[in-house]
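Report on the structure
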Amino acid sequence: MNKLAKAMTETRELFTIAFLVVLFLGTGLVNPSFLSIDNILLCLNGSVIYILLAIGVSFVIIAGDIDVSVGATLGLTAAVCASMIRDGSSLFTASVTALTIGAAIGLVNGLGVTKLHIPAIIMTLGVNGVVRGSIYVYTEGKWVENLPAVFKSYGQITLAGFVNLFLLITVLIVAGIHLYLNRANKGKYFAAIGDNVGGATLIGIPVDRTRIIAFVLCGIFAALAGIVFASKVGFVTPTAGNGYEMKAIAACVLGGVSLTGGVGSVVGAMFGAVIMSSISRILVFLQFSSNWDNTITGILLIIIVVADALIQKFFKEKARRERLAARDLKIETVFKEAGGECKCE
Amino acid sequence: MRMSVINQIDWKKYLLRWEMALILILILEIIVFGSLNQRFLKVPVLLGSINDYISICIIALFGTIVMITGGIDISGGAIVGLTSMVLGLLWQDAGLNIWIAVVLCLITGILCGALNGFLVSYVGVQAMVVTLAGLFLYSGLAVVLSTLSVSSAYEGIGGFPKEFIQIAGGRLFGVVPNPFLIFLILVVIAYVLLHKSRYGRYVFLVGVNPNAASFSGINYKLVAMFTYVLSGLSASIAGVVLTSYLGSCRADLGNGLTMPVVTAVVLGGTAITGGRGSILGTALAAIVPS
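We now turn to the structure provided with this report. What you see is a predicted model, and the numbers here were worked out from it, not measured in a lab.

The next point concerns the overall build of chain A. Counting secondary structure elements, chain A contains 14 helices and two strands. Split into buried and exposed, the 345 residues of chain A put 48% on the buried side. Contacts spanning at least 24 positions in sequence make up 75% of the contacts within chain A whose residues lie at least 6 apart. Put simply, chain A shows about 16500 Å² of open surface, and 66% of that area lies on carbon and sulfur atoms.

Next up, the structure:
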C-alpha cells in the first residue's frame with residue numbers, strides 16, 4: 001500500500017508532464033508550426049508569472065492550508081516596485097522592498113492562521129481585501145506608467161541567444177526547491193504537516209513555524225511574480241493581478257497538488273502553470289477563438305480532478321480487498337494448522 | 001442526552017449573540033453614516049443602496065446552506081454572468097418571450113449547480129476544487145456565448161422590455177424596491193428550509209458528521225448535492241435581478257462576486273468546517289458591509 005501510494009504521488013507530476021507533451025504534440029499534429037522552438041519558448045516565457053505564483057501557493061497547499069491573497073500581493077508589489085523604479089530607485093532597492101512587502105503579507109497570513117486559529121481561506125480572503133484596498137490608496141487609483149526602458153528590457157534579455165533570463169531563473173528556483181523539498185529533512189516537513197498535522201506534532205516537527213514559513217514563502221514568490229509582472233507588462237493598473245489567485249490554485253491542481261495537503265510537488269505546479277497559460281496560445285494555433293480559454297481550463301480541471309478521484313478510489317478499494325483477502329488467507333492457514341475446517345468465506 | 005440538550009441551548013445562545021452583534025453593527029453604521037450625511041437616513045436611499053449588493057446577498061443565503069454541509073461554492077459569480085448571457089441570447093437572438101427566457105435561465109443555474117453537486121458528492125472531489133473548475137467553466141462559457149450574440153461583447157445586450165426592467169427597477173408602494181422584496185422572500189424561504197424543515201436538519205447532520213448521517217439512513221449524497229443545486233439556482237436568480245437592474249447583460253457581470261459572497265457567509269457566523277450557521281446571520285452580514 002505504501003509503495004502504491006508512493007508510486008501514485010510520484011507519478012502525479014509525470015502524469016502532468018505527459019499530459020503537457022500530449023497537448024503540445026497534438027497541437028503540433030494539427031499545426032506543425034506550433035512545435036517550433038521559438039514558439040515553445042514563447043509558451044514557457046508567457047507562463048513565468050503563473051509559475052512563480054503557483055510555486056508559492058503550492059508550498060501553502062502542500063502544508064495543508066490555502067492562500068487566496070497572492071493576486072493582491074502581486075498587484076501591490078508590482079505597483080510599489082514599478083513606482084520606485086520610475087522615481088529613480090535602483091532595481092536592487094525596489095526589488096528588496098517588494099520582496100519585504102510580500103514576506104510581511106505572508107507573515108500576517110501565517111500568524112493569523114497559526115496563532116489566531118483563523119481558517120486559512122478566511123484569513124487570506126480578508127488580507128486579500130486589505131491589500132487590494134491598499135493598492136488603491138498607494139496608487140491613488142492611477143496607473144503606474146512611464147517605466148524606464150531599461151527596466152522593461154529585462155524581460156527581453158536572453159542567454160545563449162534563446163533562453164529568457166526570467167525563465168532561466170524560474171527554472172533554477174524550481175529545481176532548487178524540488179531538491180530541497182525532497183532531499184532535505186526540513187523540506188519534508190511541509191508534506192508531513194499537510195498529510196497529518198497530529199502526527200507531525202507528535203514526532204516533533206515545529207508545525208506552526210513551518211506553516212508560517214510556507215505562507216511567508218508564498219508571499220515572497222508572489223512579490224517575485226509582481227516584479228516580473230511590472231517588468232514584462234511595463235505598466236501596473238490598480239486591478240493588476242485580479243483573479244490570479246484562482247489561476248495559481250488551478251495551476252497547482254492541474255499539476256497534481258492535492259488541496260487536502262501533503263501531496264504534490266513544485267515541479268508539478270510548474271507544469272500545471274505552463275499548461276494553463278499555454279491554453280489560449282494552443283487555441284489560436286488550432287484556429288479556435290481564444291475566448292474558449294476559460295471554458296477549456298475549467299473542463300481540463302474537471303477531467304483531471306475527476307480522473308484523480310476515480311483512480312484513488314479504485315486503488316483504495318483494491319488495497320482494501322487485498323487486505324481482506326490476506327486476512328482470510330491467514331485465518332484459513334491458522335485453522336488448517338489446528339486441524340479444523342475453515343468456515344470463513 | 002442531557003449533554004446534547006445543553007449543548008444545543010448554548011449553541012443557540014451563541015448564534016443569537018452573534019446575530020445581535022450584527023444588528024448592533026448595522027444600527028451603529030446607520031447612525032454614524034447618518035450623522036455624517038443626513039441624506040443617508042432617508043428610507044428610499046437606505047433601501048435603494050441595497051440594489052448594488054443584492055446579488056451578493058442572494059447568493060450568500062444559499063451559499064450558507066452549502067457551507068453548513070462542509071462544502072463551499074465559489075462558482076456563484078460565474079453563474080451570474082452565465083445566466084445573464086443566456087437570458088440576453090434567448091431573448092434577443094433566439095427571439096423568445098422574456099419570461100420563458102427567465103425560466104430557462106433559472107434552469108441553467110440549476111444545471112450548473114447540479115454539475116457541481118454531482119462532482120462533489122457522488123464523485124468525491126473536493127468542493128473547493130470542483131467549484132473552482134466551475135468558476136472557470138461557467139465564466140468561460142459566458143464569454144463564448146457573448147461572442148455568439150450579434151451585439152458586441154463590450155456593449156452587452158440591452159433594450160429589454162419594460163416589464164422585465166420592473167423586476168429590479170420597480171418599487172412596492174413606491175418605497176420598497178423589488179430586489180429587496182425578492183431578497184426578503186428568499187430569506188424566508190431559506191430560513192424555513194434550513195431551520196424549520198426536515199431537510200434543514202439533514203443538512204446540519206451531514207455537516208456535523210456525514211458518516212452518522214449515512215448510518216441513520218439519510219441519503220447524504222443527495223442532501224449535499226441538492227445544496228449546490230439551490231446555490232446555483234440562487235446565483236441564477238441573482239443574475240436575472242442584476243441584469244434587470246443594469247438593463248443589459250454582460251459576460252463579466254458576476255466577476256468579483258465570489259469573494260464577497262464567501263465573506264458574507266463567514267461573517268454571518270457559519271463555520272467553514274460545516275455543521276454550524278444560520279440564514280439570519282448571513283442575511284444580516286450581507287447587508288452590513290453595504
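On we go.
Across its full length, chain B carries 13 helices and four strands. Taken over 290 residues, chain B has a buried fraction of 53%. Put simply, of all contacts in chain B between residues at least 6 apart along the chain, 78% involve residues at least 24 apart. A total accessible area of about 12900 Å² is found for chain B, and carbon and sulfur atoms account for 69% of it.

Before going further, it helps to spend a moment on a nonpolar patch on the surface. Residues and elements named next belong to chain B. On the surface, a nonpolar cluster with roughly 430 Å² of combined accessible area is contributed by Ile100, Val103, Leu104, Ile107 and Leu111. Position of Val103 among the secondary structure elements: in helix H5 (residues 98-123). Owing to a relative accessible area of 47%, Val103 belongs among the partly exposed residues under this scheme.

Let us now look at the interface of chain B and chain A. Reports often express the size of an interface as the amount of accessible area lost when the parts come together. Tallying the contact residues gives 27 residues for chain B and 27 residues for chain A. Between chain B and chain A lies a buried interface of about 2300 Å² when both sides are counted; carbon and sulfur atoms form 84% of it. One can count zero salt bridges joining chain B with chain A. Along the contact surface separating chain B from chain A lie four residue pairs in polar contact (both at pLDDT 80 or more).

Moving on, we get to the environment of Gly262 of chain A. Residues and elements named next belong to chain A. Positionally, Gly262 belongs in the loop between helix H12 (244-254) and helix H13 (266-285). Gly262 gets classed as buried once you look at its relative accessible area, which sits at 19%. Setting aside residues up to four positions removed in sequence, Gly262 forms contacts with Ile61, Ile62, Ala191, Gly194 and Asp195.

Below, the discussion takes up the packing of aromatic side chains. Residues and elements named next belong to chain A. Within the structure shown, the criterion is met by 10 aromatic pairs over all chains. When the centroid spacing of 5.2 Å and the interplanar angle of 35° are considered together, the rings of Tyr50 and Tyr244 count as tilted. Taken together, the positions of Tyr50 in helix H3 (residues 48-62) and Tyr244 in helix H12 put the pair 194 residues apart, joining distant regions of the chain. An identical accessibility class is assigned to Tyr50 and Tyr244; each is buried.

Pairing between side chains of opposite charge can happen when the charged atoms of each approach one another. Residues and elements named next belong to chain A. Enumeration over the complete set of coordinates arrives at six salt bridges over all chains. Taking the shortest distance from any N to any O, the salt bridge between Glu140 and Lys142 comes out at 3.3 Å. Take Glu140 and Lys142: they sit in the same class, and that class is exposed. What emerges from the salt-bridge pattern is a single network uniting Glu317, Arg320 and Arg321.

With that settled, the discussion passes to H12 of chain A. Residues and elements named next belong to chain A. Of all 11 residues in H12, 10 are buried, a share of seventy percent or more. Considered for burial, the residues of H12 that qualify are Tyr244, Glu245, Met246, Ala248, Ile249, Ala250, Ala251, Cys252, Val253 and Leu254. Once H12 ends, the next one or two residues include Gly256, with phi positive near 85°.

Residues and elements named next belong to chain B. At a closest axis distance of 7 Å, the pairing of helix H12 (residues 258-267) and helix H13 (residues 279-287) adopts a crossing angle of 125°. Considering the angle they form, H12 stands oblique to H13. Of the two possible hands of crossing, H12 and H13 adopt the one that is right-handed. Where H12 approaches H13, its residues Ala264, Val265 and Leu267 are matched on the opposing element by Thr282, Ala285 and Ala286.

Turning next to empty space enclosed by the protein. Residue and element names in this part refer to chain B. This structure, assessed with the given rule, holds one cavity of 30 Å³ or more. Space inside the largest cavity adds up to approximately 50 Å³. In terms of lining, the largest cavity is formed by Gly63, Met67, Gly71, Ile72, Asp73, Val261, Val262 and Val265. Residue assignment for the lining of the largest cavity shows that the elements contributing at least two residues are helix H3 (54-68) and H12. The leading source of residues in the lining of the largest cavity is H12, at three residues. By residue class, the composition of the lining of the largest cavity is five nonpolar, two polar and one charged.

In terms of nonpolar packing, the biggest core is built from 177 residues, with Ile55 and Ile249 of chain A together with Phe183 of chain B touching the most fellow members. Residues lining this core come from more than one domain, with at least three contributed by each of domain 1 (2-288) and domain 2 (297-345) of chain A. With residues up to four places along the chain from it excluded, the contact list for Ile55 of chain A reads Val174, Ile177, Phe221 and Val266 of chain A.

Among the structural elements, Val192 of chain B can be located in helix H8 (residues 178-196). C-alpha separation for the pair Val192 of chain B and Ile279 of chain B, spaced 87 residues apart in sequence, amounts to 9.3 Å.

Residue and element names in this part refer to chain A. Along the polypeptide, Tyr154 turns up in the loop between helix H7 (149-153) and strand E1 (158-159). Among the residues examined, Tyr154 registers a relative accessible area of 24% and is labelled partly exposed. Sequence separation of Tyr154 and Lys232 is 78 residues, and the distance between their C-alpha atoms is 7.8 Å. In contact with Tyr154, not counting residues within four places along its chain, are Leu91, Phe166 and Ser231.

The subject of this paragraph is unusual backbone geometry. Residues and elements named next belong to chain A. A positive phi is found at His117, a non-glycine position, where the angle reads about 60°. Residue position: His117 is located in the loop between helix H5 (91-114) and helix H6 (120-139). Owing to a relative accessible area of 63%, His117 belongs among the exposed residues under this scheme.

The next point concerns the packing of H8 of chain B against helix H9 (residues 198-208) of chain B. All names here are of chain B. One way to put it is that H8 packs onto H9 with a least axis distance of 5 Å and a crossing angle of 65°. Taken together, H8 and H9 sit at an angle that is classed as roughly perpendicular. Here H8 contributes Leu193, Leu194, His195 and Lys196 to the contact with H9, which in turn contributes Arg198, Tyr199, Gly200, Arg201, Val203 and Phe204. Each residue belonging to the contact of H8 with H9 can be placed in one class, and the counts come to five nonpolar, two polar and three charged.

Rules used in this analysis
- Residues numbered from 1 in each chain as written.
- Chains lettered and ligands numbered in written order.
- Predicted model: local features only at pLDDT ≥ 70, side-chain atom pairs only at ≥ 80, totals over all residues.
- Heavy atoms only, no water.
- Helix = DSSP H or I, 4+ residues; strand = E, 2+ residues; numbered from the N terminus.
- Buried < 20%, exposed > 50% of the residue type's maximum accessible area, 1.4 Å probe, protein only.
- Contact = heavy atoms within 4.5 Å.
- Areas by Shrake-Rupley, 256 points an atom, 1.4 Å probe, with all protein chains shown as cover.
- Patch = residues over 30% accessible without salt bridge, like charges linked within 9 Å, V, L, I, M, F, W, Y side chains within 5 Å.
- Salt bridge = Lys/Arg side-chain N within 4 Å of Asp/Glu carboxyl O.
- Buried area = accessible area lost by both parts, 1.4 Å probe.
- Polar contact = N/O pair within 3.5 Å; in protein donor to acceptor, adjacent residues only side chain to side chain.
- Phe/Tyr/Trp six-rings, centres within 6.5 Å; stacked < 30°, edge-to-face > 60°.
- Axes fitted to C-alpha atoms, helices over the stretch in contact; angles between N-to-C directions.
- Parallel < 35°, antiparallel > 145°, perpendicular 65-115°, else oblique.
- Left-handed = near helix turned anticlockwise from the far one by under 90°.
- 1 Å grid on protein atoms, 1.4 Å probe; cavity = no way out; pocket = protein on both sides within 12 Å on 5 of 7 lines; lining within 4 Å.
- Points joined across faces, edges and corners; volume = space filled by probe spheres on them.
- Nonpolar A, V, L, I, M, F, W, Y, C, P; charged D, E, K, R; others polar.
- Core = buried A, V, L, I, M, F, W, Y, C linked by side-chain atoms within 4.5 Å.
- Domains from an automatic or database assignment.

Without other data, these values stay purely geometric and don't point to any function.
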